[in-house]
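# Commentary on secondary and tertiary structure
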Amino acid sequence: MVLYLIGLGLGDEHDITLKGLDAIKKCAKVYLESYTSRLSNENIPALEKLYGKKIIRASRSTIEEQEAQILREAQEQDIAILIPGSPFSATTHMELVLSARKKNITLHIIENASILTAVGITGLFLYKFGRVTTIPFENKNITSPYEVYLENNKQGLHTLFLLDIQGDKMMSAKEGCEYLLKQGLPKTTKVIACAALGSNKQEIQIAEAQKIKLSPFPQCLIVPGKLNFKEEEALALYT
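Presented here is an overview of the structure given in this document.

Each value, and the rule that gives it
- Residues numbered from 1 in each chain as written.
- Predicted model: local features only at pLDDT ≥ 70, side-chain atom pairs only at ≥ 80, totals over all residues.
- Heavy atoms only, no water.
- Pairing = 2+ DSSP bridges.
- Helix = DSSP H or I, 4+ residues; strand = E, 2+ residues; numbered from the N terminus.
- Axes fitted to C-alpha atoms, helices over the stretch in contact; angles between N-to-C directions.
- Contact = heavy atoms within 4.5 Å.
- Phe/Tyr/Trp six-rings, centres within 6.5 Å; stacked < 30°, edge-to-face > 60°.
- Buried < 20%, exposed > 50% of the residue type's maximum accessible area, 1.4 Å probe, protein only.
- Lys NZ or Arg CZ within 6 Å of the ring centre and 35° of its normal.

## Regarding the sheet that holds strand β4 (residues 79-83)
One open sheet accounts for five strands, arranged β3-β2-β4-β1-β5; its pairing is parallel. If you trace the sheet from one side to the other, it starts and ends with β3 (55-58) and β5 (106-110), each paired once. Each adjacent strand pair in this sheet contributes to an overall mean axis angle of 20°, direction not counted. Across four bridges, the pairing between strand β2 (residues 29-33) and β4 is parallel. Bridged to Leu32 within β4 is Leu82. Sitting on the sheet, helix α5 (residues 93-102) touches β1 (2-7), β2, β4 and β5, and the angle it makes with β1 is about 160°.

So this is what it looks like as structure tokens:
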């Protein structure tokens, strides 16, 4: 029996790979992890129609608190956990992998596109990104995301801020900028806000931190470091 961790990509049900689709069709039960990210055009009935399986939406508590149950199921039948983006863009899924290995459960990891690579469409070179960090909703006394930015910026590196998700609520780039401004980011700092990357609703905005506003979700935020002249030329496409 096999436990599949299957990346869904970023847009909608059609972003699944053929390998991922073949795996889903073998599975007795299919979970959709819904707490680290979301498809830009998530539609459960559309997923079920294309994949030919009932989709069980799985919150953090479903995956983490019912981990033992999921692993027991995977010892008896093929089980899939569908993950928006790539299976390991979020480190939280490694715990499940380690637990499965300890129980000698066969694991198949099927990769897909990730926000960590999709941001390359901005024109920023991926190898010039520093440490990635997340801005949480409850951030009144949280300074670590801004400290990550300061350290990256010292080295001339770009900083990618992932934005929190709680249930159906997703943080906007505007809210992320408000956090950074409160931490001391100068108001005139040019930032890059991305929304619904990899979908037909994709938006990219370059503006001062105090002026950022986008509509589609999910969103992320980039504060550029030192720019190469080719990066400057590419960013000009969005201004």
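## Side note on the packing of aromatic side chains
If you walk through the whole model with that rule in mind, you get two aromatic pairs. Pairing Tyr146 with Tyr149 gives two aromatic rings, centres 5.5 Å apart and planes at 40°, and the pair type is tilted. Highlighted residues: Tyr146 and Tyr149, both in helix α7 (residues 144-154), separated by three residues, approximately one helical turn. Residue Tyr146 is classed as buried on the basis of its relative accessible area, which comes to 10%. Above the ring of Phe137, the side-chain terminus of Lys169 is found at 4.5 Å from the ring centroid.

## Overview of unusual backbone geometry
Going from Phe217 to Pro218, the amide bond is cis rather than trans, its omega being 0°. Summarising the element assignment, Pro218 is placed in the loop between β11 (203-208) and β12 (219-223). In the Ramachandran plot, Asn104 falls in the positive-phi region, its phi being about 60° despite a non-glycine side chain. If you check the backbone angles, Ala196 has positive phi at about 55° while not being a glycine. Positionally, Ala196 belongs in the loop between β10 (190-195) and β11.

The values reported here are purely geometric and, on their own, carry no functional implication.
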